[in-house]
2 protein chains.
Amino acid sequence: MIIQQLSESTEMYLKAMVELSDREMVAIGRLAERLSVTAVSTNEMMRRLGEQGLVKHTPYKGVALTKKGREVACNVLRRQRLWECFLYDHLKIEWTQLYELACSLEHATAPEVTEALAVFLGNPKTCPRGNPIPAADGSFVPLNGIPLSEAAVGATVRVLAVNATATDVIQHLFERGLLPGHKVKVVEAAPLQGPLTLCVDPPEKNGAGGKETVLGLSLAEFVIVES
Amino acid sequence: MIIQQLSESTEMYLKAMVELSDREMVAIGRLAERLSVTAVSTNEMMRRLGEQGLVKHTPYKGVALTKKGREVACNVLRRQRLWECFLYDHLKIEWTQLYELACSLEHATAPEVTEALAVFLGNPKTCPRGNPIPAADGSFVPLNGIPLSEAAVGATVRVLAVNATATDVIQHLFERGLLPGHKVKVVEAAPLQGPLTLCVDPPEKNGAGGKETVLGLSLAEFVIVES
DNA sequence: AATTAACATAAGGTTGCCCTTATTATTGCC
DNA sequence: GGCAATAATAAGGGCAACCTTATGTTAATT
Ligand SMILES: [Mn+2]
Ligand SMILES: [Mn+2]
Ligand SMILES: [Mn+2]
Ligand SMILES: [Mn+2]
C-alpha cells in the first residue's frame, strides 16, 4: 500500500473526525462546524476522501473513518501531541497556544522526524492538554472520562484533559483554571441548559475553597473530567 | 504594515532568490530551474509577487527582492536553518536529510516558535550545512567563500558550506566527504568544463592523503570553500 | 400524516499555483 | 548587423479547496 502525501486539508478533516468521535459516525454538520467550513464543502470533501478509501459516508447517517483513514488520523494526532510536548516542555510556549502552533507543524512533519521527536521527548504518553499520544502504530488508550457538562452537581472531580481547539476558547478555560490536574467542584447547574457554577482549585486543593466561576455548558463540554 | 501569512509557494520563491544571489538580480530561468517549475509559471509568480511588493521584475534583466521581500526571505532562511540545527543536534537526523525535512517545517513555524527555538538552541550562528543563520531582524554575515568549482588547481581549501538542496545531490557530496570542515585538494581540473579530481580529508588531515574522487563541475558549484 | 431541520446534490464561481503551446521581444555574441 | 538563446506574453487548461444559491431528500417530531 503506497501512502502518498496527503494534503493539510485532508489531514485536518481526518483528525477532526477522530477527535469528534473515535469509531462512531460523525454528522457532516458537526464536522463542518468544527472545521469552520460549509456543509457543502464538507460533503464534497467526504466524496473525495471516500474515493480514496479514507472514509465511509452513509447518506443521512454520517461519516466514519475506514481502518486506513483512522490510521492516518491517529498519526496526525500523534504528531500534533508530540509537538505540543516539545513546544511546552522545551520551548516554554504558553499553554494556550499549544494547539494552534502544533496544528501547523503536524502537517509538515515527516515520519523520520516524528519518530526521532518521540525518542527525544522520551516517548511521552500524554500531551500537556491531557490527551493520550497515539503510539507509532496508531493505537492509544482513550481517556476514561466524561465532559464536565455531564458531571453531577455537587461532585468534585479532577480535570483530565481540555479538548477545545479554538485559541480563544482555550484561553477562556485557562483563565478559569480549567487545566489538567486541577480539581473542580460543580456547585450548581442552572436549569434549561444554563451555565455551570464551579469552584476551581490547583491540584493540592480540593475544588472547594478556590475561585468560583461560571461556565457556559457548551464550553464545559470541552473539559474532560474523571468519571 | 500588516504581514499576512504568505503561502509555502511564495516563501519558497523568495527563499530561492536569496539563496541564489543575495541582493543581485536573478534570471527567471535560474529561479525556475531551482524550483523545478517552468519559466512561464515563474513569470506568473513574479507578477503576483511584484503586485505584493515583494520583488521587482525588470524584463529581460531579472528579478530582485525588494526590502520587504528580502526580509521575508531571510526570515524563511532563519527558520529553515534553526530547524536544521534542531534536527541534527537534538533529533540525530541524518545530515543528508536535513535540508528537505527542515524545508517542510520552515513554512509551518510561527514567529513565537522560531524565537523560542532559537533560544532553546542557544542562538546558533551557523547551521549544520555550514550556512549562517540570519538574526531575528534578517541580518546575517554572508559566507566569505567561493564555489569549489572556482578554486585554483593545486590548492588545498577547507569546506565552509554545502548549498545544494536536492537530497540526491547532497547525498552524492556527503558520500565524497564534502562537508563543512573537511579539507579538499584540487588535484586536477579537466579541460572544457570537465570534472574536478579531488583529494578529500577529514578536518585533522590536510586534503592530500585522503580518498581521491572525481566531481562534476556543476556539483562543485554547490560546495563553498574558503577563498 | 404533516412539518421541519438537517442533509444531499446540482450548478456555477473563485483563487492559487501549476501546465502546455505558440508567438513576440530582447540581448549578447559571432 | 544578423542569429540564436533566453525571456516575455498570450491563450487555454487542470486541479484542489473553498464559496453561494437552489432544489430535492430523509428522518425525527409533533
Ligand atoms: Mn493542523
Ligand atoms: Mn520549504
Ligand atoms: Mn462545479
Ligand atoms: Mn488563463
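Residues numbered from 1 in each chain as written. Chains lettered and ligands numbered in written order. Predicted model: local features only at pLDDT ≥ 70, side-chain atom pairs only at ≥ 80, totals over all residues. Heavy atoms only, no water.

Trainee: I'm lost on the overall build of chain A in this one. Help?
Mentor: In terms of regular secondary structure, chain A is built from eight helices and eight strands. Computed over the C-alpha atoms, the radius of gyration of chain A is 18 Å, within 12% of the 17 Å expected from 2.2 N^0.38 for a compact globule of 227 residues. Taking the principal axes of its C-alpha atoms as reference, chain A extends roughly 55 × 45 × 25 Å. Within the span of chain A, comprising 227 residues, buried residues form 50% of the whole. As displayed, chain A has an accessible area near 11000 Å², and 54% of this comes from carbon and sulfur atoms. Counting 23 positive and 26 negative side-chain charges, chain A places the averaged centre of each group 4 Å from the other. (Helix = DSSP H or I, 4+ residues; strand = E, 2+ residues; numbered from the N terminus. Rg over C-alpha atoms; globule rule 2.2 N^0.38 Å. Buried < 20%, exposed > 50% of the residue type's maximum accessible area, 1.4 Å probe, protein only. Areas by Shrake-Rupley, 256 points an atom, 1.4 Å probe, with all protein chains shown as cover. Lys, Arg positive; Asp, Glu negative; His and termini not counted. Charge placed at Lys NZ, Arg CZ, Asp CG, Glu CD.)

Trainee: Sorry, what's going on with the pairing of strand S4 (residues 156-162) of chain A here?
Mentor: Looking along a regular strand, one sees side chains alternate from face to face of the sheet. All names here are of chain A. In terms of burial, S4 is largely enclosed, as five of its seven residues are buried. As paired elements, S4 and strand S5 (residues 183-189) share three bridges and run antiparallel to each other. By the bridge assignment, Thr-156 is partnered in S5 with Lys-185. Of the pairings in the sheet, the one linking S4 to strand S8 (residues 223-226) comprises three bridges and is antiparallel in character. Along S8, the bridge assignment pairs Val-159 with Val-225. (Pairing = 2+ DSSP bridges.)

Trainee: Looking at this model, I keep getting lost on the domain arrangement of chain A. Mind explaining?
Mentor: Where the parts come together, the accessible area they lose is often given as the size of the interface. Residues and elements named next belong to chain A. The domains assigned to chain A are domain 1 (1-140) and domain 2 (145-226). One C-alpha centre belongs to domain 1, the other to domain 2; they are set 25 Å apart. At the interface, 10 residues of domain 1 touch 13 residues of domain 2. Carbon and sulfur atoms make up 57% of the surface buried where domain 1 meets domain 2, a total of about 1000 Å² over both sides. Ranking the residues of domain 1 by area buried against domain 2 places Trp-95, Thr-96 and Arg-129 at the top, with a combined share of 56%. Counting across the domain 1 and domain 2 interface gives zero salt bridges. (Domains from an automatic or database assignment. Contact = heavy atoms within 4.5 Å. Buried area = accessible area lost by both parts, 1.4 Å probe. Salt bridge = Lys/Arg side-chain N within 4 Å of Asp/Glu carboxyl O.)

Trainee: Any chance you could explain the relation of the copies chain A and chain B here in plain terms?
Mentor: Relating the two copies of this chain is a rotation about some axis coupled with a shift parallel to it. Aligned on chain B, chain A shows an RMSD of 0.1 Å; the corresponding rotation is 180° and the shift along the axis is 0.0 Å. Such a combination of turn and shift is consistent with a two-fold rotation axis. Interface residue correspondence from chain A to chain B reaches 100%, placing this contact among same-surface, isologous pairings. (Least-squares fit on C-alpha atoms with pLDDT ≥ 70 in both.)

Trainee: What is the right way to look at the packing of aromatic side chains in this model?
Mentor: Throughout the structure, instances matching the rule amount to 11 aromatic pairs over all chains. Residues Phe-86 of chain A and Phe-86 of chain B carry aromatic rings whose centres are separated by 4.6 Å and whose planes lie at 40° to one another, so their mutual orientation is tilted. Here the residue Phe-86 of chain A occupies a position in helix H4 (residues 67-90), and Phe-86 of chain B occupies one in helix H4 (residues 67-90), the pair thus bridging two chains. Residue classification places Phe-86 of chain B among the buried positions, given a relative accessible area of 0%. For the pair Trp-95 of chain B and Phe-174 of chain B, a centre-to-centre distance of 5.6 Å together with 25° between the ring planes defines the contact as stacked. Separated by 79 residues along the polypeptide, Trp-95 of chain B in the loop between H4 and helix H5 (98-105) and Phe-174 of chain B in helix H7 (residues 167-175) bring together distant segments of the chain. Using a relative accessible area of 6% as the deciding quantity, one classes Trp-95 of chain B as buried. Accessibility expressed as a relative area gives 34% for Phe-174 of chain B, which makes it partly exposed. Feature note: the residues Trp-83, Phe-86 and Phe-120 of chain A together with Trp-83, Phe-86 and Phe-120 of chain B constitute an aromatic cluster, connected by ring pairs. (Phe/Tyr/Trp six-rings, centres within 6.5 Å; stacked < 30°, edge-to-face > 60°.)

Trainee: Sorry, what's going on with the interface of chain A and chain B here?
Mentor: Facing 18 residues of chain A, the contacting portion of chain B comprises 18 residues. Across the contact surface, chain A and chain B share zero salt bridges. The interface formed by chain A and chain B holds two residue pairs in polar contact (both at pLDDT 80 or more) in total. Secondary structure elements with two or more residues in the side of chain A that touches chain B: H4, helix H5 (98-105) and helix H6 (111-121) of chain A. Of all the elements, H6 of chain A adds the most residues to the side of chain A that touches chain B, at five residues. In terms of residue class, the side of chain A that touches chain B is built from 13 nonpolar, four polar and one charged. (Polar contact = N/O pair within 3.5 Å; in protein donor to acceptor, adjacent residues only side chain to side chain. Nonpolar A, V, L, I, M, F, W, Y, C, P; charged D, E, K, R; others polar.)

Trainee: How should I be thinking about the coordination of the manganese ion (ligand 1) in this particular structure?
Mentor: By definition of the ideal shapes, a tetrahedral metal site with four donors has angles of 109.5 degrees and an octahedral site with six donors has angles of 90 or 180 degrees. Residues and elements named next belong to chain A. At this site the manganese ion (ligand 1) is bound by Met-12 (SD), Cys-103 (O), Cys-103 (SG), Glu-106 (OE) and His-107 (NE2), with donor distances of 1.9 to 2.6 Å. Mapped onto the polypeptide sequence, the residues donating to the manganese ion (ligand 1) form the spacing pattern M-x90-C-x2-E-H. With respect to class, Glu-106 is no different from His-107; both count as buried. (Donors = N, O, S within 2.8 Å, 3.2 Å for Na, K, Ca; no water.)

Trainee: I keep staring at the pattern of salt bridges and nothing clicks. Help me out?
Mentor: Pairing between side chains of opposite charge can happen when their charged atoms approach one another. Residue and element names in this part refer to chain A. Under the criterion given, the structure shown has 16 salt bridges over all chains. Of the charged contacts in the structure, one is a salt bridge between Glu-84 and Arg-129, with a shortest N-O distance of 2.5 Å. Here Glu-84 is found in helix H4, whereas its partner Arg-129 is found in the loop between H6 and strand S3 (145-147), with 45 residues between them in sequence. Of the two residues, Glu-84 and Arg-129, neither departs from the other in class, the shared state being buried. Of the charged contacts in the structure, one is a salt bridge between Glu-226 and Arg-158, with a shortest N-O distance of 3.4 Å. Residue Glu-226 is found in strand S8, and its partner Arg-158 is found in strand S4; the two are separated by 68 residues along the sequence.

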